[in-house]
Amino acid sequence: MSETDSLRSDLLEAMNFLGAMAAGLEEALGDPSKSISYLAGEKLGLQFSSGANRVDDLQDALQEVSSILYKNHCLWAFEPFKKKSEKEMVHLSQEGEEIMLVFRDCMIRQSLFCYGHPQKGSLCNMMFGFFSGALKNITGYSSRLEIVHAGENACYKRLTLFRKQNPLPA
Amino acid sequence: MVHVEINESGCRGCRMCVDICPTEVFEFDEPARKARVRESEDCIGCLSCSYLCPSKSITHSDFPVVKNFYRDLQFCRKKEAFL
Ligand code: SF4
Ligand code: SF4
């Protein structure tokens, strides 16, 4: 078996196991299961980004998150998105800064689809946790990643960086 | 860049594509009772519209296709050559 085949099969097994666990937790606990996977994702985000550079610009910070994911072999490819009619990627909101993100290759979506588990569940919340943890280390602010649309081939999410709150201690 | 097209003669006017699209790629032509592409460039290639369209009248081109997981490793290996 080639190295890629073996990595792929390990990832598939791990993700399917997580998918089944998350589906079971959702059934047993309901909504609180989302907090559990959020915290697991946040811990991972904080851990992976512990040595990351502190960056102020939101788009640069996302670039940093992207390279952290890549370095840690996480299949979570995403890109910033703006509509043709919009001038800027980053918008100011009451809470801080907002940017829309498109997630294409996502190991969570792909493992959910393997067994027909629904999207937008607790495992998807793990991604919110991961971003939250990583962006805390990189920007010093808390953030929220909302699922605007979960599609078959891509998901559309809104990331808010809470710049209007006090920065978190370094 | 993703390109979206609606086969006008197939459209039943159900509006499902208009309602599901997260980036408002479609608009509804009331007099004609048909959906139209408003801004193809805004499409993120989620494919929800073509999945839902009851007439399978929506087609996309130039969109990134995700690399799916396969249970069968032999099949997975064959697919690997094209990734
Ligand atoms: S989903 Fe299909 S049939 Fe329905 S309005 Fe859109 S193009 Fe027409
Ligand atoms: S693929 Fe998604 S973004 Fe593109 S037109 Fe269809 S629903 Fe809208």
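What comes next concerns the included structure. Bear in mind that the values here come from a model prediction, so they are computed numbers and not experimental data.

**A look at the overall build of chain A**
(1) Moving on: What chain A contains, in helices and strands, is five helices and five strands.
(2) Moving on: Order of helices (α) and strands (β) in chain A, N terminus to C terminus: α-α-α-β-β-β-α-α-β-β.
(3) Moving on: The C-alpha atoms of chain A give 16 Å as radius of gyration, which agrees with the globular expectation for 170 residues (15 Å, within 12%).
(4) Moving on: In terms of its C-alpha atoms, chain A occupies a principal-axis envelope of roughly 45 × 35 × 35 Å.
(5) Moving on: For chain A, the share of sequence-separated contacts (at least 6 apart) that also reach a separation of at least 24 residues comes to 68%.
(6) Moving on: Entry remark: accessible area of chain A is about 8500 Å², with carbon and sulfur atoms responsible for 53%.

**Re the site of ligand 2**
(1) Moving on: In the vicinity of ligand 2, the contacting residues are C21, P22, T23, V25, F26, C43, I44, G45, C46, L47, C49 and H60 of chain B.
(2) Moving on: Tallied by class, the residues present in the shell around ligand 2 amount to nine nonpolar, three polar and no charged.

**A look at a nonpolar patch on the surface**
Residue and element names in this part refer to chain B.
(1) Moving on: Nonpolar side chains collect at one region of the surface, where M16, Y51 and L52 lie side by side and expose about 290 Å² of accessible area between them.
(2) Moving on: You can see L52 is positioned in helix α2 (residues 48-52).
(3) Moving on: With a relative accessible area of 32%, L52 lands in the partly exposed category.

**Observations regarding helix α5 (residues 122-139) of chain A**
Residue pairs three or four apart in sequence face the same way in an α-helix, which turns once every 3.6 residues.
All names here are of chain A.
(1) Moving on: Taking 1.5 Å per residue, 18 residues should reach 26 Å; α5 reaches 25 Å between its end C-alpha atoms and fits that length.
(2) Moving on: Burial of α5 is extensive: 16 of the 18 residues sit out of reach of the surface.
(3) Moving on: G140, located one to two residues past α5, shows a positive phi value of around 85°.

**Some points on the site of ligand 1**
(1) Moving on: I6, C11, R12, G13, C14, R15, C17, A35, C53, P54, S55 and I58 of chain B make up every residue found near ligand 1.
(2) Moving on: Class assignment of the residues belonging to the shell around ligand 1 gives a composition of eight nonpolar, two polar and two charged.

**A short note on unusual backbone geometry**
Trans is the prevailing form of peptide bonds, just as negative phi is the prevailing case for residues other than glycine.
(1) Moving on: In the Ramachandran plot, K120 of chain A falls in the positive-phi region, its phi being about 65° despite a non-glycine side chain.
(2) Moving on: Counting through the fold element by element, K120 of chain A comes out in the loop between α4 (107-115) and α5.
(3) Moving on: Judged by relative accessible area, K120 of chain A falls into the partly exposed class, the value being 44%.
(4) Moving on: Even without glycine at this site, E24 of chain B takes up a positive phi of about 55°.
(5) Moving on: By the secondary structure assignment, E24 of chain B is in the loop between α1 (16-20) and β2 (26-29).
(6) Moving on: The partly exposed category is assigned to E24 of chain B, whose relative accessible area is 46%.

**Focus: the packing of aromatic side chains**
Residues and elements named next belong to chain A.
(1) Moving on: Per the counting criterion, the structure on display carries eight aromatic pairs over all chains.
(2) Moving on: Measuring from ring centre to ring centre gives 5.6 Å for F81 and Y156, while their planes differ by 85°; the resulting arrangement is edge-to-face. Of this pair, F81 sits in strand β1 (residues 76-81) while Y156 sits in strand β5 (residues 155-161), and the two are 75 residues apart along the sequence.
(3) Moving on: According to the relative accessible area criterion, Y156 is buried, its value standing at 5%.

Parameters at a glance
Residue positions are counted from 1 within each chain, in the order its sequence is given. Here every chain gets a letter starting at A, and every ligand a number starting at 1, in the order they are written. The predicted nature of this model means local features are confined to residues of pLDDT at least 70 and side-chain atom pairs, given and counted, to a pLDDT of 80 or more, with totals for whole chains, interfaces and linings taken over all residues. Here the side-chain values reflect all heavy atoms present in the structure, with hydrogen atoms and water set aside. Secondary structure elements are defined from DSSP: runs of H or I of at least 4 residues count as helices, runs of E of at least 2 residues count as strands, and each element is numbered from the N terminus. With C-alpha atoms as the basis for the radius of gyration, the globule rule is written as 2.2 Å multiplied by the number of residues raised to the power 0.38. Here, two residues are considered to be in contact whenever any of their heavy atoms come within 4.5 Å of each other. Surface exposure here means Shrake-Rupley accessible area, sampled with a 1.4 Å probe, where a residue is shielded only by the protein chains that are shown. Nearness of a residue to a molecule or strand requires only that one of the residue's heavy atoms be within 4 Å of it. Under the scheme applied, nonpolar residues are Ala, Val, Leu, Ile, Met, Phe, Trp, Tyr, Cys and Pro; charged residues are Asp, Glu, Lys and Arg; polar residues are all the others, including Gly. Note that patches include only residues with greater than 30% relative accessible area and no salt bridge, and the join distances are 9 Å for like charges and 5 Å for nonpolar side chains (Val, Leu, Ile, Met, Phe, Trp, Tyr). Here, a salt bridge means any side-chain nitrogen of Lys or Arg that lies within 4 Å of a carboxyl oxygen of Asp or Glu. Type-normalised accessible area, obtained with a 1.4 Å probe on protein chains alone, sets the label of each residue: buried when under 20%, exposed when over 50%, and partly exposed for intermediate values. Expected span of a helix: the number of residues minus one, times 1.5 Å. To pair, rings of Phe, Tyr and Trp, with the six-membered ring standing in for Trp, must have centres within 6.5 Å; the planes then decide the type, stacked if under 30 degrees apart, edge-to-face if over 60, and tilted in the middle.

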